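# Geometric and topological summary
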Amino acid sequence: MKKSTFNKNFKKFSAAVIAISMAVSGAPGVQESKYAKANVNKGDTLKEEEAVETTIANISTWDDLRQKLELNGEKILTLSADITCGSNDKELINNDTTFLDLNGHVINRGLSKDSKEVGEVISNYGNLNISDNSGGNTTHTIKDYYTGDEIEVKGGVITGGNGVLGSGIHNVSGYLFLDNVTICGNGGGSYGGAIYNEKGTACNIKNSNISYNYAEVNGGGIYTEAGESGGCSLVDSTVTDNIAGKDGGGLYVSSPVGVTFFKFLLNGTVIIKDNKLTTGEKSNLHLEKGSMIGLGGDGALAQIGISYKDDSGTVGDKSFTDNSYDSFVSNLYGNFDYDKVFTSDDPDYGIKQVVESGHNTLILEKYEEPETWKEFSKLVRNNHYYIRLTKDLTASDSDSYIEIPDGSKLDLDLNGHVLDRGNP
């Protein structure tokens, strides 16, 4: 057994596990996943004699990878070729702790929108660390699951899933860590075209790309459930060009009854844009009522489209305060303009940043459309941020000028119309 190689890789993985545990436990309201410390506690060291039997192998076929993943104990696996599932092969199932280096290659389940066979690429029941250490110099041609168009991607790729939950990766009951991985060209299932993260599991996605996936219902790219433990984080990653049938073309965050803390963390340069629904509507990051997310790190460079609906399917404007708007993001950690980082997927709503209970909070606020000069003036005095004209407005002799209160902001869309003070 190559203990020195195992120890080096195990410590590297354990450090990543600890880092995620600290990030999750340090965020208000987020509980640690039991999987985040499954192998090592902070401050522990792995002694030579404590190392268990480890499988270290180069992989060149689907069946070889499947057999190695199902072994008990730690595995350090490296792809030496692109691998594609054969007609008699089964899906890949990880049962224990695995470090898998795609090494610039492709794992392809070989299924498509037209396939009769149903199945995910990988189902995870253990601790699964997938990375690509090739430098991203290899180029592959992959098909967009929904359109069938050919696209070029670089580096290690997971593709060809046609499952029900998480066609690319279904994180069933474990810890999933992705670094420098592209998951694209998967779909068909109801939830999570690329990834489905079950309640109680932990998932960290870093420096990765989730694109050209499809879900028939929610979460064209990623679907993550909230729960009493676990959670999901997205760090310096991109979620683009995914499609969903109903909500969350890019990413869908659920919020089961009774779960009040946020369970999705965004950190660094996160790009969630250019995702849509099958109707063509923009749909990037979608939050269920009561779900919250945290944004931190160098988030000033992030670009995130967002949408929100309550239980009745109504966007925004429901129950957050007497001012009639809904919060969807709280506990923001950086010093930058969050209302420039986030954009509303719904053109009838805009993004507004407020402070509630000492926390920075973002809300979706509906554009008001005043019918008269007086109505317009009242909206401004009452600190309504988003106003759009649908007709020319002219002040009467008794109307006063528009005065924006100190400390207030106004986003006025003239929308091709005239705002006329008239005679002074």
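So, here's what we can say about the structure. Predicted model, so just to flag it, every value in this text is computed and none were measured.

Turning our attention to the environment of Ala-81. Looking at the secondary structure, you find Ala-81 in the loop between strand E2 (74–79) and strand E3 (83–84). Judged by relative accessible area, Ala-81 falls into the partly exposed class, the value being 23%. Sequence separation between Ala-81 and Ser-60 is 21 residues; the distance between their C-alpha atoms is 5.1 Å. Discounting residues that sit within four places of it in the chain, Ala-81 has contacts with Ile-59, Ser-60 and His-105.

Turning to the side chain of His-140, a few remarks are in order. Tracing the backbone through its elements, the reader meets His-140 in strand E9 (residues 139–143). A polar contact is formed between the side chain of His-140 and the side chain of Thr-138, at a distance of 3.3 Å. Ignoring anything within four residues of it in the chain, the contact list for His-140 reads Asp-82, Gly-104, His-105, Val-106, Ile-151, Glu-152, Val-153, Gly-155 and Val-157.

Turning our attention to helix H2 (residues 62–69). Every buried residue belonging to H2 is among Trp-62, Leu-65, Arg-66, Lys-68 and Leu-69, and all of these are buried. One face of H2 carries all of its buried residues, which in axial projection span an arc of 165°.

Another point: helix H4 (residues 373–381). Every α-helix carries 3.6 residues per turn, so stepping three or four residues along brings you back to the same face. Of all the positions in H4, only Trp-373, Phe-376, Ser-377, Leu-379 and Val-380 are classed as buried. The buried residues of H4 occupy an angular sector of 160° when projected down its axis, which confines them to one face. In the core, the buried residues of H4 are packed alongside strand E34 (386–388), strand E35 (393–394), strand E36 (411–413) and strand E37 (419–420). A positive phi of about 65° marks Asn-383, the residue just after H4.

In this section: the sheet that holds strand E18 (residues 214–215). Here we have three strands laid out as an open sheet, ordered E18-E22-E26, and parallel in their pairing. On the outer flanks of this sheet lie E18 and strand E26 (276–277), each paired with one strand and no other. Examined bridge by bridge, E18 and strand E22 (residues 243–244) share two bridges and lie parallel to one another. Each residue of the ladder has a partner; that of Ala-215, found in E22, is Ala-244.

Right, let's get into the packing of aromatic side chains. Following the criterion strictly, the structure yields eight aromatic pairs and no others. Ring centres 4.9 Å apart and planes at 65° place the aromatic pair Tyr-367 and Tyr-386 in the edge-to-face group. Here the residue Tyr-367 occupies a position in the loop between strand E33 (359–366) and H4, and Tyr-386 occupies one in strand E34, the gap between them amounting to 19 residues. Since its relative accessible area comes to 13%, Tyr-367 is described here as buried. Using a relative accessible area of 7% as the deciding quantity, one classes Tyr-386 as buried. Between the aromatic rings of Tyr-385 and Tyr-386, the centroid separation amounts to 4.6 Å while the plane-to-plane angle is 90°, which identifies the pairing as edge-to-face. Relative accessible area serves as the criterion here: at 13%, Tyr-385 is assigned to the buried category. The ring of Tyr-146 has Lys-113 lying over it, and the distance from NZ or CZ to the ring centre is 4.1 Å.

Counting through the fold element by element, Glu-152 comes out in strand E10 (residues 150–154). Here Glu-152 falls in the exposed class, since its relative accessible area comes to 64%. It is 6.2 Å that separates the C-alpha atoms of Glu-152 and Ile-142, two residues lying ten residues apart in sequence. Sequence-distant contacts of Glu-152, defined by excluding residues within four places in its chain, comprise Thr-139, His-140 and Thr-141.

Looking now at the pairing of strand E20 (residues 231–235). With five of five residues buried, E20 lies mostly within the body of the structure. Taking every second residue as pointing to the same face, both faces of E20 are buried, with Gly-231, Ser-233 and Val-235 on one and Cys-232 and Leu-234 on the other. Of the pairings in the sheet, the one linking strand E16 (residues 202–206) to E20 comprises five bridges and is parallel in character. Opposite Ala-202, over in E20, you have Gly-231 as the bridge partner.

About the thresholds
Residues numbered from 1 in each chain as written. Predicted model: local features only at pLDDT ≥ 70, side-chain atom pairs only at ≥ 80, totals over all residues. Heavy atoms only, no water. Helix = DSSP H or I, 4+ residues; strand = E, 2+ residues; numbered from the N terminus. Buried < 20%, exposed > 50% of the residue type's maximum accessible area, 1.4 Å probe, protein only. Contact = heavy atoms within 4.5 Å. Polar contact = N/O pair within 3.5 Å; in protein donor to acceptor, adjacent residues only side chain to side chain. Arc of directions from axis to C-beta. Pairing = 2+ DSSP bridges. Phe/Tyr/Trp six-rings, centres within 6.5 Å; stacked < 30°, edge-to-face > 60°. Lys NZ or Arg CZ within 6 Å of the ring centre and 35° of its normal.

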